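An overview of the molecular structure
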Amino acid sequence: MATYVFKAIDFSGTPARGEVDAESKQAVTDQLKARGLIVLDIADKTKSKEIDLDRFKHVKAYDLSVMTRQLATMITSGMTILRALYVLEDQTESKLLKEALIHVRKDVEAGLPLSDALERQPKVFSPLYVAMVRSGETGGVLESALIRTADQLEADNSLRRQVRAAMIYPAVIVTFALIVMLALIAFIVPSFAKVFKDFGGELPALTKVTISMSKVLTGYWYLILVGVIAIAWAFLKWKKSSWGRPQWDAFRLKIPMKIGDTVQKVALARWSRTFSALTSSGVPLLQAIDITGKTAGNAVVEKAMADVIESVKKGGSIHKPLEDVPVFPGMVVNMIGVGEETGALDTMLDKIADFYEDEVAAAVKALTSILEPIMIVFVGAMVGFIVISMYLPLFKVYDQIK
């Protein structure tokens, strides 16, 4: 099946352009005639053979949330979806988002519903986004669904920013410490080694270790670089694999020094906020549970959602399968149970999300205060190890002179 680009007009003379997947040009013509369009031109869609560097980029959550809120505002004011897409297409600064909007607009012009057009751009519009828009179309409240979607994107982006900000300080300190240690071993230690060679005699064990490290680093740096790259590549492949990801996500929840607790709170905040947004938008329950699991960002939560789907299919409850999953505290399970009994599940999920988003903010501050002295000790230990190992032979010579 190939992709064809077409130009057509309807019986009122309004132009239409878009793309259609079909077996042949005749099949495209038949599809367009069935839509009541008069075909003007059909051509094969050509793909560029140049290297596409944009595939490594992504649309920022901020840009997507702003676009969504603008689309909701324009639709609320009475503007048609097609005209609103034209406006967004012209004023959007993000190149990737602009290209996606062009494709969406062409598909809408070709007669597709907005949700189906968005679904054809999976790199920009997630299943959560598409599901909420589709529910708004079905219920005739598209503008409300778009506003909820924008709120969800902003809340999720805020959560990510908090966690990212907390990780910047430790990352900078560790990077700085490694650079200092490598500089000392590569440039300072060899100078001391030449001096110690003139001294003669047996060097302390600590000094021998440091000098050996320097020789390995300066003599086989290319092997070390290849080894580090290979280990990083293997770790990323393992972390993204179907069997490695659950192990990594389970490990993250058990990391000491409050790191595991913070990971758990982030997962619960994202899970409850997403679940609440989907249920309040009118997305069917099973679909909402499935999307929530896939967008939770943790394989443990995703596995729990699979168990919940099986329970719901059999006529069971949502909260019962969660009782056996350690990541869900008793408070969360009981609140969901109350929400199911009272028919206010989305309200309870909102309360859970608000609670854990506040908990994440507090946990991030606590984590930063815990990591700060640990990083200082870590840097001091690394530099101190090298300095002491270099001065031990000098102390030994001094003792001999005395």
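Residues numbered from 1 in each chain as written. Predicted model: local features only at pLDDT ≥ 70, side-chain atom pairs only at ≥ 80, totals over all residues. Heavy atoms only, no water.

1. Observations regarding the overall build of the chain
In plain terms, the rule: Under the scheme used here, helices are H or I runs from DSSP no shorter than 4 residues and strands are E runs no shorter than 2 residues, and both carry numbers assigned from the N terminus. We take the radius of gyration over the C-alpha atoms and set the globule estimate at 2.2 Å times the residue count to the 0.38 power. Contacts are residue-level and defined by heavy atoms, with any inter-residue pair within 4.5 Å sufficient. Method for areas: the Shrake-Rupley scheme with a 1.4 Å probe, in which residue coverage is limited to the protein chains shown. Charge convention: Lys and Arg are scored as positive, Asp and Glu as negative, and His as well as the terminal groups of each chain are ignored. The atoms used to mark charge sites are NZ of Lys, CZ of Arg, CG of Asp and CD of Glu.
Secondary structure summary: the chain contains 16 helices and three strands in total. Taking 402 residues into account, the globule formula puts the C-alpha radius of gyration at 21 Å, and the chain, at 29 Å, lies well above it. Judged by the C-alpha coordinates and their principal axes, the chain covers about 105 × 55 × 40 Å. Long-range contacts, defined as pairs at least 24 residues apart, comprise 61% of the intrachain contacts of the chain with a sequence gap of at least 6. About 22900 Å² of surface is accessible on the chain, with carbon and sulfur atoms providing 62% of the total. Charged side chains of the chain number 47 positive and 44 negative; the gap between the two group centres comes to 7 Å.

2. Some words on the packing of aromatic side chains
The way to describe two aromatic rings as a pair is by their centre distance and the angle between their planes. Test applied: Only rings of Phe, Tyr and Trp enter the pairing, Trp through its six-membered ring, and a pair is recorded when the two centres are within 6.5 Å. The plane angle decides the type: under 30 degrees is stacked, over 60 is edge-to-face, the rest tilted. Only protein chains enter the accessibility calculation, which uses a 1.4 Å probe; a residue is then buried when its area is under 20% of its type maximum, exposed when over 50%, and partly exposed in between.
Across all of its chains, the model carries 10 aromatic pairs by this definition. Note on Phe355 and Tyr356: the rings are 5.0 Å apart at their centroids and 85 degrees apart in plane angle, and the pair reads as edge-to-face. A residue is classified by how much of its surface remains accessible, and Phe355, at 36% relative accessible area, is partly exposed. Tyr356 gets classed as buried once you look at its relative accessible area, which sits at 6%. Through a chain of ring-to-ring contacts, the aromatic side chains of Phe235, Trp238, Trp248 and Phe251 assemble into a single cluster.

3. Overview of the pairing of strand E1 (residues 2–10)
Definition in use: A pair of strands is labelled paired if DSSP reports no fewer than 2 bridges between them.
Of the pairings in the sheet, the one linking E1 to strand E2 (residues 15–22) comprises eight bridges and is antiparallel in character. Across the sheet, the residue bridging to Tyr4 is Val20, located in E2. As defined by bridge partners, E1 adjoins strand E3 (residues 37–44) across seven bridges and the pair is classed as antiparallel. Bridged to Lys7 within E3 is Asp41.

4. Points about a nonpolar patch on the surface
Test applied: Nonpolar side chains (Val, Leu, Ile, Met, Phe, Trp, Tyr) are joined into patches within 5 Å and like charges within 9 Å, using only residues with over 30% relative accessible area and no salt bridge. Salt bridge, as applied in this entry: a Lys or Arg side-chain nitrogen positioned within 4 Å of an Asp or Glu carboxyl oxygen.
Among the surface-exposed residues, Val216, Tyr220, Trp221, Tyr222, Leu223, Ile224, Leu225, Val228 and Ile229 lie close enough to one another that they form a single nonpolar patch of about 900 Å² accessible area. Counting residues per element, the nonpolar patch draws most heavily on helix H9 (residues 221–240), which supplies seven residues. Locating Val216 in the fold gives a position in helix H8 (residues 205–219). Under the relative-accessibility criterion, Val216 is labelled partly exposed at 42%.

5. Concerning the nonpolar core
Which entries qualify depends on this criterion: Here, the term nonpolar core denotes a set of buried Ala, Val, Leu, Ile, Met, Phe, Trp, Tyr and Cys residues that are joined through side-chain atoms within 4.5 Å.
Of all hydrophobic cores here, the largest spans 42 residues; its most connected members are Trp271, Met305, Leu322, Phe328 and Ile336. Those residues in contact with Phe328 that sit more than four places away from it in its chain are Leu268, Trp271, Val301, Ala304, Met305, Leu322 and Val333. Counting residues in hydrophobic clusters, the runner-up holds 27 residues, among them Val59, Ala84, Phe125 and Leu142.

6. Details of the sheet that holds E3
Selection criterion: Axis definition: a line fit to C-alpha positions, over the contact stretch in the case of helices; interaxial angles, taken between N-to-C directions, run 0 to 180 degrees.
Taken together, the three strands give an open sheet; going across it, the order is E2-E1-E3, and neighbouring strands pair in antiparallel fashion. Each of the sheet's edge strands pairs with one partner strand only, and the pair in question is E2 and E3. Shown here is a sheet whose adjacent strand axes are inclined to one another by a mean of 30 degrees, direction ignored.

7. Here we look at the side chain of Ser389
Under the convention used in this document: Any pair of N or O atoms that falls within 3.5 Å is considered a polar contact. Within protein, one atom must be able to donate a hydrogen and the other to accept it, and sequence-neighbouring residues count only if both atoms are side-chain atoms.
Tracing the backbone through its elements, the reader meets Ser389 in helix H16 (residues 345–401). Exposure remark for Ser389: the relative accessible area of 0% places this residue in the buried category. A distance of 2.8 Å separates polar atoms of two side chains, one belonging to Ser389 and the other to Thr210. Aside from chain neighbours lying at most four places away, what touches Ser389 is Leu206, Thr207 and Thr210.

8. A closer look at the environment of Ala61
Relative to the assigned elements, Ala61 resides in helix H2 (residues 61–76). Judged by relative accessible area, which is 28%, Ala61 ranks as partly exposed. As for Ala61 and Leu153, which are separated by 92 residues in sequence, their C-alpha atoms are 6.5 Å apart.

9. Quick look at the pattern of salt bridges
A complete count under the given rule lists 18 salt bridges for this structure. The salt bridge involving Asp107 is made with Arg120; its shortest N-O contact spans 3.3 Å. Of this pair, Asp107 sits in helix H4 (residues 95–109) while Arg120 sits in the loop between helix H5 (114–119) and helix H6 (127–139), and the two are 13 residues apart along the sequence. Its relative accessible area of 3% is what places Asp107 among the buried residues. On the accessibility criterion, Arg120 (32% relative accessible area) is partly exposed. Across the pair Arg245 and Asp249 runs a salt bridge, and its minimum N-O distance is 3.8 Å. Linking Arg245 with Asp249, this pair stays in helix H10 (residues 244–252), spanning four residues, or about one helical turn. Among the residues examined, Asp249 registers a relative accessible area of 3% and is labelled buried. Overlapping salt bridges, with partners in common, bring together Arg245, Asp249, Arg252 and Glu302 in one network.

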